[in-house]
Amino acid sequence: MIQPEEVRTEPPAPGESHKERVDRELTELLQGLRVAVTGVQVLFAFLLTLPFSAGFGKVDTLGRWLFFISLLSSAFASVCFITPAAQHRLLFRTGLKERMLHRANELGIVGAIALAVAMTSAVALVTETVIPGWPAAVFGGAVGLLSAWLWFVQPVIDLYRDKDVS
């Protein structure tokens, strides 16, 4: 998805065939997605129970919008993170593993974006409920900026720096 034209790809390990490399990369990707799935499922479960809690009626319009954005984003992230495992089952032994690997990578990126939005809005919701006003924007924004920097901007900078070195 994000790849400069001349980025070097990781060479296969010594004695590793193309098929073995694709198998290894898919396994590594699915392991990474398992970590993300656990986090998003905990957030999603929390959000699903929130409207049924006693204090939810006190949440103002802004809080309800933050809740809705977080709920929807965590649902999207869940779908994106779970899709590769579901497709792996459906496409097992069809010869489409490399296509599935590339698609899973793209879904992982989209899922990470949705998770960042969900976490940002969830933090803003909780902050807005506890300390109304500008702190919600500050703390939610801090989560959004940190996840944007660490999950997206920094790796893209590395891609382009590596391109310039090679």
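1. Regarding the environment of Ala137
Considering the arrangement of structural elements, one finds Ala137 in helix H4 (residues 134-165). Between the alpha carbons of Ala137 and Ser78 there is a distance of 25 Å; along the sequence they are 59 residues apart.

2. Considerations on a nonpolar patch on the surface
Nonpolar side chains collect at one region of the surface, where Trp65, Phe68, Ile69, Leu72, Phe76, Ile113 and Val117 lie side by side and expose about 660 Å² of accessible area between them. Where the nonpolar patch is concerned, the elements lending two or more residues are helix H2 (61-90) and helix H3 (97-130). The element contributing the most residues to the nonpolar patch is H2, with five residues. Tracing the backbone shows Phe68 in helix H2. On the accessibility criterion, Phe68 (42% relative accessible area) is partly exposed.

3. Details of helix H1 (residues 18-49)
With 32 residues, H1 ought to run about 46 Å at 1.5 Å a step, and its terminal C-alpha atoms sit 46 Å apart, in line with that. Arg21, Val22, Leu26, Leu29, Leu30, Leu33, Ala36, Val37, Val40, Leu43 and Leu47 are the residues of H1 that are buried. Where H1 is buried, its residues contact H2 and H3.

4. Some points on the side chain of Thr120
Relative to the elements of secondary structure, Thr120 occurs in helix H3. Separated by 2.7 Å, the side chain of Thr120 and the backbone oxygen of Ala116 make a polar contact. When neighbours within four sequence positions are excluded, Thr120 is seen to be in contact with Gly140, Val143 and Gly144.

5. Regarding the packing of H3 against H4
Interaxial distance between H3 and H4 falls to 7 Å at its minimum, and their mutual angle equals 160 degrees. Judged on the interaxial angle alone, H4 and H3 are roughly antiparallel. As for the relative orientation of H3 and H4, their crossing is right-handed in sense. Together, Ile109, Ala112, Ile113, Leu115, Ala116, Met119, Thr120, Val123, Ala124, Thr127 and Glu128 of H3 and Pro135, Ala136, Phe139, Gly140, Val143, Gly144, Ser147, Trp151 and Phe152 of H4 make up the contact between the two elements. Split by residue class, the contact of H3 with H4 holds 14 nonpolar, five polar and one charged.

Conventions used here
- Residues numbered from 1 in each chain as written.
- Predicted model: local features only at pLDDT ≥ 70, side-chain atom pairs only at ≥ 80, totals over all residues.
- Heavy atoms only, no water.
- Helix = DSSP H or I, 4+ residues; strand = E, 2+ residues; numbered from the N terminus.
- Patch = residues over 30% accessible without salt bridge, like charges linked within 9 Å, V, L, I, M, F, W, Y side chains within 5 Å.
- Areas by Shrake-Rupley, 256 points an atom, 1.4 Å probe, with all protein chains shown as cover.
- Salt bridge = Lys/Arg side-chain N within 4 Å of Asp/Glu carboxyl O.
- Buried < 20%, exposed > 50% of the residue type's maximum accessible area, 1.4 Å probe, protein only.
- Expected span 1.5 Å × (residues − 1).
- Contact = heavy atoms within 4.5 Å.
- Polar contact = N/O pair within 3.5 Å; in protein donor to acceptor, adjacent residues only side chain to side chain.
- Axes fitted to C-alpha atoms, helices over the stretch in contact; angles between N-to-C directions.
- Parallel < 35°, antiparallel > 145°, perpendicular 65-115°, else oblique.
- Left-handed = near helix turned anticlockwise from the far one by under 90°.
- Nonpolar A, V, L, I, M, F, W, Y, C, P; charged D, E, K, R; others polar.

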